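For reference, the chains in residue letters:
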Amino acid sequence: MADFETSKSESSDSFLPQDVREYGKKEYWDRRYEEEDSFEWFKGYDSFRDLVLQNVKKTDKILMLGCGNSPLSADMYHDGFHHITNIDYSSTCIDRMTHKYADMTDMTWLEMDARKLTFPNESFDVVLEKGTLDAFMVTEKDPWTVSEETARFVEQVLQEVSRVLCPGGRFISISFAQPHFRIPLYANDEYRWSVQTHKFGDCFHFFFYIMEQGGTLTQQQRDQADRFFHPPDVTVMPVLLSDSEEDFLRRIEISPPPTPPV
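Report follows, based on the coordinates. Predicted model, so just to flag it, every value in this text is computed and none were measured. (Residues numbered from 1 in each chain as written. Predicted model: local features only at pLDDT ≥ 70, side-chain atom pairs only at ≥ 80, totals over all residues. Heavy atoms only, no water.)

1. Quick word on the overall build of the chain
For the chain, the helix and strand inventory stands at nine helices and seven strands. A buried classification covers 46% of the 262 residues belonging to the chain. When contacts within the chain are restricted to residue pairs at least 6 apart in sequence, those whose partners lie at least 24 apart make up 71%. For the chain, the exposed area adds up to about 14500 Å²; of that, 51% sits on carbon and sulfur atoms. (Helix = DSSP H or I, 4+ residues; strand = E, 2+ residues; numbered from the N terminus. Buried < 20%, exposed > 50% of the residue type's maximum accessible area, 1.4 Å probe, protein only. Contact = heavy atoms within 4.5 Å. Areas by Shrake-Rupley, 256 points an atom, 1.4 Å probe, with all protein chains shown as cover.)

In structure tokens, the structure reads:
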């Protein structure tokens, strides 16, 4: 197997924003891309290459959603995936990446907002995003409750993804978000796709979501989405505890509920 140059990304410490809300601003990314040569979110291509090979053909037309300055597209190009269209809403990013990878003549780089794709319907066999949605959801303080603004942003992106996918096409989303937080956003019959989940990584797992156009959701996924967006009202009654009982409760480590099968 080839060794891909995903380890040459510069340290991002100097580019960390003072406020995470900066991740949702185009001006922040323009400034960052002016100075930063490359940065790979999560793991590099080698870590999930097998999953890509199982779900993407070398002849597929691929849309890279929010490409940033990641070497992922170049790594895939070297691996034989030549029909890649890269978009990002930062013109600075697109200008630099166009110049950097000018020798990869089959790849294209376009300035575009993922919520307003200008491609015709059914233009791509695969749409791939890696950390793009995560970056715009980082301001959410409670993973169990998504704000209306963020939910609308994600909905606009997914509507466009569904529109430009060919019948049988795949939307691949690579994220650190666990299934019980992310599947409810993807499990919408309006998008006309099925949802599958794989994970990769060693000590810390990342998730590889595959949405296949023309597939159907399971009833369990629909119910999961409904519970996520319409949680039951719970009335909490105050309880008086003795000092010893309160100390005991402080020592309990609360874990998230187990991930349901998908």
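2. Description of the sheet that holds strand 3 (residues 108–111)
Taken in spatial order, the seven strands of this open sheet run 3-2-1-4-5-7-6, and their pairing is mixed. Of all strands in the sheet, those with a lone pairing partner are strand 3 and strand 6 (193–200), marking the two edges. Averaged over all pairs of adjacent strands, the angle between strand axes in this sheet comes to 20 degrees, irrespective of strand direction. Where strand 6 meets strand 7 (residues 206–213), eight bridges bridge the pair, whose relative direction is antiparallel. Considered in strand 7, the bridge of threonine 197 is made with tyrosine 209. Set on the sheet, helix 4 (residues 91–100) makes contact with strand 2 (84–88) and strand 3; between it and strand 3 the angle comes to about 165 degrees. (Pairing = 2+ DSSP bridges. Axes fitted to C-alpha atoms, helices over the stretch in contact; angles between N-to-C directions.)

3. Thoughts on the pattern of salt bridges
This structure, assessed with the given rule, holds nine salt bridges. Taking the shortest distance from any N to any O, the salt bridge between glutamate 40 and lysine 130 comes out at 2.9 Å. Note that glutamate 40 is positioned in the loop between helix 1 (26–35) and helix 2 (45–55) and lysine 130 in strand 4 (residues 124–130), a separation of 90 residues in sequence. Per residue, the accessibility class of glutamate 40 equals that of lysine 130, and both read buried. Salt-bridge contacts for arginine 115 lead to aspartate 113; the nearest nitrogen and oxygen are separated by 2.8 Å. Under the relative-accessibility criterion, arginine 115 is labelled partly exposed at 31%. Residues participating in the shared-partner salt-bridge network are Lys57, Asp60 and Arg170. (Salt bridge = Lys/Arg side-chain N within 4 Å of Asp/Glu carboxyl O.)

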